[in-house]
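Each chain, written out:
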Amino acid sequence: MQEKLSIHGAWSNRWVFVMAATGSAVGLGNIWKFPYITGENGGGAFVLVYLVCILMVGIPIMVSEVLIGRRGRQSPINSMKDLAVESGLSPRWSLAGWVGALAGVMIFSFYSVVAGWVLYYVAGMANGDFIDIGSEMAGKRFEVLLADAETLLIWHSVFVVMVMTVVAGGVSKGLERATRIMMPALFVLLFILLAYSMTSGAFGQGFDFLFHFDPSQLTWNAVLVALGHSFFTLSLGMGSIMAYGSYMPKKASIGSTVMMIAVLDTLVALVAGLAIFPIVFANQLDPGAGPGLMFITLPVAFGQMPGGHIFGFLFFVLIAVAAWTSAISLMEPAAAWIVEKFGIKRVPACTALGALVWLLGVACLGSFNFMSDFKIGSMTFFDLMDFATANIMLPLGGLFIAIFAGWKIKRYALEDELSFKQNFWFSAWYFSIRYIAPVAVAVIFALNLYNKFAE
Ligand code: TRP
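Predicted model only: the values in this text are computed from it and were never measured.

**Examining the site of the ligand**
Working step 1: What surrounds the ligand is a group of 18 residues, the closest being Ala 25, Gly 29, Tyr 111, Phe 232 and Ser 235.
Working step 2: One of the backbone N or O atoms of Gly 29 is found 2.7 Å from an oxygen atom in the ligand.
Working step 3: Summarising the interface, the protein chains cover 100% of the accessible area of the ligand, which totals 360 Å² for the free molecule.
Working step 4: The cavity that encloses the ligand is the largest cavity.
Working step 5: Of all the secondary structure elements, the ones that give two or more residues to the shell around the ligand are helix H1 (14-25), helix H2 (28-40), helix H5 (95-126), helix H10 (220-233) and helix H14 (308-342).

**Quick notes on the packing of aromatic side chains**
Working step 1: Counted according to the given criterion, the structure contains 35 aromatic pairs.
Working step 2: Taken together, a centroid distance of 6.4 Å and an interplanar angle of 85° make the contact between Phe 108 and Phe 159 edge-to-face. Linking Phe 108 in helix H5 with Phe 159 in helix H7 (residues 149-168), this pair joins segments that are 51 residues apart in sequence. Both residues of the pair, Phe 108 and Phe 159, count as buried.
Working step 3: Each ring, one from Phe 424 and one from Trp 425, has its centre 5.1 Å from the other, and the planes form 70°; the classification is edge-to-face.

**Focus on the pattern of salt bridges**
Working step 1: In the structure shown here, the tally under the stated rule is eleven salt bridges.
Working step 2: For Arg 180, the salt bridge identified is with Glu 176, shortest N-O distance 2.9 Å. Note that Arg 180 and Glu 176 are positioned in helix H8 (residues 170-199) at a spacing of four residues, about one turn of the helix.
Working step 3: The salt bridge involving Arg 346 is made with Glu 332; its shortest N-O contact spans 2.8 Å. Of this pair, Arg 346 sits in helix H15 (residues 346-366) while Glu 332 sits in helix H14, and the two are 14 residues apart along the sequence.
Working step 4: Residue class for Arg 346 comes out buried when judged on its relative accessible area of 11%.
Working step 5: When salt bridges that share partners are traced, they join Arg 70, Arg 71, Glu 86, Lys 250, Asp 416 and Glu 417 into one network.

**Examining helix H12 (residues 254-282)**
Working step 1: Here H12 contains 29 residues, and its C-alpha end-to-end distance of 43 Å stays within 8% of the 42 Å for a straight helix at 1.5 Å per residue.
Working step 2: Positive backbone phi, approximately 50°, marks Gln 284, located one or two places after H12.

**Quick word on the environment of Ala 282**
Working step 1: Relative to the elements of secondary structure, Ala 282 occurs in helix H12.
Working step 2: Note on Ala 282: relative accessible area 44%, which makes it partly exposed.
Working step 3: Residues Ala 282 and Met 294, spaced twelve residues apart in sequence, show a C-alpha to C-alpha distance of 14 Å.

**Some points on empty space enclosed by the protein**
Working step 1: According to the stated counting rule, one finds four cavities of 30 Å³ or more in the structure shown.
Working step 2: Volume-wise, the largest cavity comes out at about 140 Å³.
Working step 3: Ser 24, Ile 107, Phe 232, Ser 235 and Leu 330 are, among the 18 residues lining the largest cavity, the residues nearest its centre.
Working step 4: When contributions to the lining of the largest cavity are tallied by element, the ones reaching two or more residues are H1, H2, H5, H10 and H14.
Working step 5: Across the lining of the largest cavity, the residue classes tally to nine nonpolar, nine polar and no charged.

**Remarks on a nonpolar patch on the surface**
Working step 1: On the surface, a cluster of nonpolar side chains totalling about 460 Å² of accessible area is made up of Leu 48, Val 52, Leu 55, Met 56 and Phe 213.
Working step 2: Inspection of the secondary structure assignment puts Leu 48 in helix H3 (residues 44-72).

**A look at the side chain of Ser 367**
Working step 1: As for its position among the elements, Ser 367 is in the loop between H15 and helix H16 (381-408).
Working step 2: Its relative accessible area of 5% is what places Ser 367 among the buried residues.
Working step 3: Among all residues touching Ser 367, those that are not within four sequence positions of it are Ser 372, Thr 380, Phe 381 and Phe 382.

**Details of unusual backbone geometry**
Working step 1: Positive phi is not limited to glycine here, since Arg 73 has a value of about 55°.
Working step 2: Structurally, Arg 73 is set in the loop between H3 and helix H4 (76-86).
Working step 3: In this structure Arg 73 comes out as buried when scored by relative accessible area, which is 3%.
Working step 4: Residue Ser 235 is not a glycine yet carries a positive backbone phi of 60°.
Working step 5: With respect to the helices, strands and loops of the structure, Ser 235 is situated in the loop between H10 and helix H11 (240-245).
Working step 6: A relative accessible area of 10% means that Ser 235 is categorised as buried.

What counts, and at which threshold
Residues numbered from 1 in each chain as written. Predicted model: local features only at pLDDT ≥ 70, side-chain atom pairs only at ≥ 80, totals over all residues. Heavy atoms only, no water. Near = heavy atom within 4 Å. Polar contact = N/O pair within 3.5 Å; in protein donor to acceptor, adjacent residues only side chain to side chain. Areas by Shrake-Rupley, 256 points an atom, 1.4 Å probe, with all protein chains shown as cover. 1 Å grid on protein atoms, 1.4 Å probe; cavity = no way out; pocket = protein on both sides within 12 Å on 5 of 7 lines; lining within 4 Å. Sits in = over half its atoms within 2 Å of the grid points. Helix = DSSP H or I, 4+ residues; strand = E, 2+ residues; numbered from the N terminus. Phe/Tyr/Trp six-rings, centres within 6.5 Å; stacked < 30°, edge-to-face > 60°. Buried < 20%, exposed > 50% of the residue type's maximum accessible area, 1.4 Å probe, protein only. Salt bridge = Lys/Arg side-chain N within 4 Å of Asp/Glu carboxyl O. Expected span 1.5 Å × (residues − 1). Points joined across faces, edges and corners; volume = space filled by probe spheres on them. Nonpolar A, V, L, I, M, F, W, Y, C, P; charged D, E, K, R; others polar. Patch = residues over 30% accessible without salt bridge, like charges linked within 9 Å, V, L, I, M, F, W, Y side chains within 5 Å. Contact = heavy atoms within 4.5 Å.

That is the geometry; function is a separate question.
What follows is the structure in structure tokens.
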């Protein structure tokens, strides 16, 4: 059979795929979200559950996404549809792709607001605004920023345009080129950061908080958050990785590339935790401070270091780059689908999508000021976008993908796509995707619903 290619293009080689997918996975989820939800959910026990979820649920699902994408060679919506038809199933399986594309837009909307905060801090660091800042002042500054809708709007808009520009450039001239420049920069910056965190004050205490397992800290809600985050951090359940897989060369091994991506992503999250918690404890800050955690702790630490504003500047640049390469992958599935469906160019497709994301983002940033009284349940619009995607849509998307790959696609198609050298790895993956992943997601989900109603 002749090799089918995507109309959108292809990565030059498998390393570009690894870098692009790592770029998607490593983002605000690792550096901003992971530390603060670990803080809110009690530390080590949460981290352990999170690692188990990555291993038992996340990795098998990531393999499935790459596989479906590479076999379908189209946007997730159309890849799911074609593969379903190929296996004699209803084209309605593309619904999973739809939920995913929608989740991508929703995630992007609040992601962009947080990335906007990051850009604001990049500018502030360059300006020397945080030199000698204490923890109280740092907290105040963050509060003042959140109350200032106009400033938030500017930076949110800048970020949406940055992402739009890359996605509009297409797979080779946009995504691949951005990846090739930004990923090496990201790892250099991260390495500098690690060196600093290991030589700074309360490293041991931060380490303990992350890795000391205390089962009494564990709640069902924490388990759900850990599961949701394992999807979020690996960019699973919505089609980002599926779309990237559709541009992957046929020769490359899916199993080993996925392992590499998952390991890199996990390392970055743990390094971010090891960088942030020592600062929290050295400055008597509250580890459960929520979304502001990183924006309060890091300026304090950098503010006290000699030359810290340069270093802080670099660090926020790192976070901005990580957020940028991730947001690109949030937009790509929907952008590719629009191009396929309407036969239009990328530029108008991305402009339309960008406008939609921008608008939703305005409601997200308003959650901290002019729309702070608008609550659904007890959640602001921002909280709702986060909760509905990470805790509901991504796990559900993942459940669909697991059932689809594990039970619906014909086995010869799976073996053909995976071509694991040893049969052991295929069997291990096949078992997890058929039994462990779907059952774990379904049980955690059901228990949580039960708990919500029992309250
Ligand atoms: N994984 C990214 C992060 O950790 C965010 C992200 C990109 C994402 N694409 C995604 C999350 C798809 C869920 C689904 O910041």
